[in-house]
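# A look at the structure
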Amino acid sequence: MELTVGQLAQQIGADLVGDGSVRISGVGPVKSGDKNTITFVKDSKHIASLETSRAGAVLVSRRIEELAKPQLIVENVDVALIEVLNIFAPRLRQVPEGIDPTAKVARDTKIGKGAAIGPGVVIDDKVEIGENSVISRGCKIGENAKLGKNCRLDSNVVVYHNCIIGDNVVIQANTTIGSVGFGYSCIDGAHRLIPHNGGVVIEDFVEIGANCCVDRAKFGDTVVGAGTKIDNLVQIAHNVVIGKRCLIAGQVGIAGSSKLGDGVVLGGQVGVSDNIEIGDGAMIAAQSGVTHSVRAGEQLFGTPATTKRDALKTVTLTRRLPKMAERLQRLSERIAKLEAAENDKR
Amino acid sequence: MELTVGQLAQQIGADLVGDGSVRISGVGPVKSGDKNTITFVKDSKHIASLETSRAGAVLVSRRIEELAKPQLIVENVDVALIEVLNIFAPRLRQVPEGIDPTAKVARDTKIGKGAAIGPGVVIDDKVEIGENSVISRGCKIGENAKLGKNCRLDSNVVVYHNCIIGDNVVIQANTTIGSVGFGYSCIDGAHRLIPHNGGVVIEDFVEIGANCCVDRAKFGDTVVGAGTKIDNLVQIAHNVVIGKRCLIAGQVGIAGSSKLGDGVVLGGQVGVSDNIEIGDGAMIAAQSGVTHSVRAGEQLFGTPATTKRDALKTVTLTRRLPKMAERLQRLSERIAKLEAAENDKR
Amino acid sequence: MELTVGQLAQQIGADLVGDGSVRISGVGPVKSGDKNTITFVKDSKHIASLETSRAGAVLVSRRIEELAKPQLIVENVDVALIEVLNIFAPRLRQVPEGIDPTAKVARDTKIGKGAAIGPGVVIDDKVEIGENSVISRGCKIGENAKLGKNCRLDSNVVVYHNCIIGDNVVIQANTTIGSVGFGYSCIDGAHRLIPHNGGVVIEDFVEIGANCCVDRAKFGDTVVGAGTKIDNLVQIAHNVVIGKRCLIAGQVGIAGSSKLGDGVVLGGQVGVSDNIEIGDGAMIAAQSGVTHSVRAGEQLFGTPATTKRDALKTVTLTRRLPKMAERLQRLSERIAKLEAAENDKR
């Protein structure tokens, strides 16, 4: 796929400044772009990098004076970037509509119009797959699970029985939805599993990365709210309830029955204890361990996590401990001297 | 499935107090239960919540006076709860006994009576599967692996060659047993893999969550002891030996050749260094990093982990560092004043 | 497989000291070896353990005087150990060359001579598989992906479209290569995925453990450099570039666009922030959180990570905080006493 800058400007509705004949075949970052790529600048501090960039053109929201490169001026660089990336996205063969002959689909399922069921997929009794959803190679969908429209399950995803998945949900390869949670009672010295009769509800527009686990609830449902995005290798325990539009980075673990409000952001490798609540819009820095409930809008860091402000102050002071110890030693010596002087007088 | 409270009491052998005609169709927590659920109270501090609970009935170990709800009085609430949950568990279609026609089973295997081999399963030479074990869709079992009776391997589990799995073992979806461990020798500047001739032994009644890894041993075996329960996304490295009835929470990592005694509890995201021993009944708090051997019964926290008591004291004092720094400053000023007074006298 | 010590010495070119007729059928550690195993000692401090070892023979680099056991003296114990382990490795049935009838291979692929495509594998259009590569049961290879020679993909590995894998690469079970990264723009209050047009490049001799994730790049490539070894459950985010011969332990997470030089070692559960650089040969201790760029050769520890020397000093002093607090209290009392004496005089 190759377009002139002029054609590209037209396709995305951008104002073109400069030579429209430059040919573009992809998108690249400011630093490593080659002359056939278009790059982008979101804020003024990166404009300087453009001077040395080899990119053939640039997406900007305001015209940059005296730049040698052609500029595509757009209202919102983020939106335009997504459009341009979609234009240059690799053209993959569509997964063919219908059921691959090597898939095993139980008789009493409902497969929506336009849905594609890939090779080696196994779909159990009473499953419903919505219109235009793509169930890729090797996925396993358990009894009575329901998927909405326009979903995409990548290769080898496992969805256990009774899980409910909304519309426009993406789940990447090797992820497990609806496994039994880690709930045991100690009876006569042995750990006995508490049966998990509940399910999982994944709401619309949720996207889940690769190799994640979302456990089913003991009773009721584990819930991932609409528009929430989850990175790879994330663990969502039984009965967790996640609000809408949260961002959950890689390798996060959320323990049983904890609740996240809307718009919560968890950095990579964060751990959240069981049975706590994290308020709307709270942001937890990477690797923190949250052991108590968090108010809306708070920013936390550390294990156990405190407010980011306190945690960073503590880190700074902790690093000054060697100096503090020395100072304590010097003060002690000065006091000893004063005491000796005092004793001399007596 | 719906039962009256009276029928339910009869089925689990409970004493009924109150109206036996209330209809129940499931189990729920005290707070969110609806009137068709039965809830449960294990200790007296949660009795107050029952007043406002909408649940239709309650499991208790001692009669609660003046409660409007029907009560099922049982000896052990934990045991009764498991029984009741099993009664209301979703009725799933049994995986049919025998070998699915799309499974690929080598000729010289032994498949026990009542065992079920699901679609797309691949079973290599000399594998043995015990009676009534269920090997779900897409599992791959390597040459010479042995599984006991009544096991359940969920979808897409991979068991490498020569691994030995006992009776009544559950392994959830997308878990890998017997991968080669992370053991390299640096030879002439390159990392060369040390061949892993050993295997994995998973003893009876072990339950392993989804997307876990248990590496095979270099020599001898990586061992998971009987009755141990492992949550999701856990990493068990080569030659690790885990005792009996341990509880290992999500995203824990145990490095090579470390040993856990019996009844050890590791919180979520704990890391255990290689070549150390953790004594019977030790409890390690979530996110801790254990860098040295731990005595039986110890409770540890932090990275590097110390006794929980010391670690919490340290956390408290660390948070007081800003005040300590101020105090040090004030003492310094008071000393300076005393020194000045002393100098005046000379 | 059983050999006499004499035969073994001959096969690996070792000098034999002692009885060559002892029969050996495997390799074991010094402590737990039985009489049919050969053990090994790499450095002099472990020689004492040999006295009590039950092993039938030992690999050493220098003759040990007065040892009752037969000794195989070799130039490099690491090299000899790998040779001996290979001799005693379990003999598994070769995966048969060619395409299993249950595999689904698109027509316009190139499958090299001697390559083996296992049961249930799905290979999409325009994929290339090099000579003698083994694609195990249940793997899914996306459109236009290229694999080199002598690769081994274990069961249920998923490689997305356009990923490039070199020669002699090993990827263990349930690992995902080329999933879409965690890159979103917030547009009108919703998180919209930034299309990931880039790919993944895995260079020669890379080995990746089980249940890992390597995300594809937004543009350009996520790169794992030649000879780098990656343990289980590791997360490599989009646009990460890893140098040659790195060692990345279990459950590490490397966030977007960060760069590792050559020979970097990351301990288990380390987290690396996005957009930073870690210089050649740097070593990061387990569970550390690296939040800023690291110079070549540095050794870091802690969250946020500092030099290992500073971090350990800080840990020591932090543990002395209770004593420091007491000392501060005593100093304060001594000052108060001096002040009282001073006041008396006025």
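Here we summarise the structure given alongside this text.

Reading the values: the criteria
- Residues numbered from 1 in each chain as written.
- Chains lettered and ligands numbered in written order.
- Predicted model: local features only at pLDDT ≥ 70, side-chain atom pairs only at ≥ 80, totals over all residues.
- Helix = DSSP H or I, 4+ residues; strand = E, 2+ residues; numbered from the N terminus.
- Buried ≥ 20, exposed ≤ 12 C-beta atoms within 10 Å, placed from the backbone.
- Contact = placed C-beta atoms within 7 Å.
- Least-squares fit on C-alpha atoms with pLDDT ≥ 70 in both.
- Nonpolar A, V, L, I, M, F, W, Y, C, P; charged D, E, K, R; others polar.
- Axes fitted to C-alpha atoms, helices over the stretch in contact; angles between N-to-C directions.
- Parallel < 35°, antiparallel > 145°, perpendicular 65-115°, else oblique.
- Pairing = 2+ DSSP bridges.
- Right-handed = clockwise from strand over helix to strand, strands pointing away.

## Things to note about the environment of Ile208(A)
Residues and elements named next belong to chain A. The residue isoleucine 208 is located in strand β25 (residues 207–208) in this model. Taking the number of C-beta atoms within 10 Å as the measure of exposure, isoleucine 208 has 27 and is therefore buried. Separated by 86 residues in the primary sequence, isoleucine 208 and valine 122 place their C-alpha atoms 21 Å from one another. Not counting the four nearest positions on each side in its chain, isoleucine 208 is found in contact with Ile171, Gln172, Thr175 and Ile230.

## Observations concerning the relation of the copies chain B and chain C
The two copies are related by a screw operation: chain B maps onto chain C through 120 degrees of rotation and 0.1 Å of translation along the axis, at an RMSD of 0.1 Å. Such a turn and shift between the copies fits a three-fold axis.

## Focus on the interface of chain B and chain C
Counting residues at the interface gives 55 residues for chain B and 57 residues for chain C. Breaking the side of chain B that touches chain C down by element, the ones donating at least two residues are β21 (176–179), β22 (184–187), β23 (190–193), β26 (213–215), α4 (308–319) and α5 (321–345) of chain B. Looking at the side of chain B that touches chain C, the element that brings in the most residues is α5(B), giving 8 residues. Considered class by class, the residues forming the side of chain B that touches chain C number 23 nonpolar, 23 polar and 9 charged.

## Quick notes on the interface of chain A and chain C
At the interface, 57 residues of chain A touch 54 residues of chain C. Secondary-structure elements contributing two or more residues to the side of chain A that touches chain C are β4 (26–27), α3 (77–88), α4 (308–319) and α5 (321–345) of chain A. In terms of residue count, α5(A) provides more of the side of chain A that touches chain C than any other element does, 10 residues in total. Class assignment of the residues belonging to the side of chain A that touches chain C gives a composition of 25 nonpolar, 22 polar and 10 charged.

## Some details on the packing of α4(B) against helix α5 (residues 321–345) of chain C
The N-to-C vectors of α4(B) and α5(C) enclose an angle of 50 degrees; their axes lie 9 Å apart at closest approach. As judged from the angle between their axes, α4(B) and α5(C) are oblique. Seen from α4(B), the contacting residues are Lys313(B), Thr314(B), Leu317(B) and Thr318(B); seen from α5(C), they are Leu321(C), Pro322(C) and Ala325(C). In terms of residue class, the contact of α4(B) with α5(C) is built from 4 nonpolar, 2 polar and 1 charged.

## Let's talk about the pairing of strand β5 (residues 37–40) of chain A
Residue and element names in this part refer to chain A. Side chains Thr37 and Thr39 project from β5 onto one buried face, and the interleaved Ile38 and Phe40 project onto a second face that is buried too. Where β4 and β5 come together, 2 bridges link them in parallel fashion. Looking at the pairing, glycine 26 lines up with threonine 37 of β5. Pairing between β5 and strand β6 (residues 57–60): 3 bridges, direction parallel. Its bridge partner being in β6, threonine 39 is matched across the sheet by valine 58. Once you follow β5 into helix α2 (residues 47–52) and on to β6, the crossover reads as right-handed.

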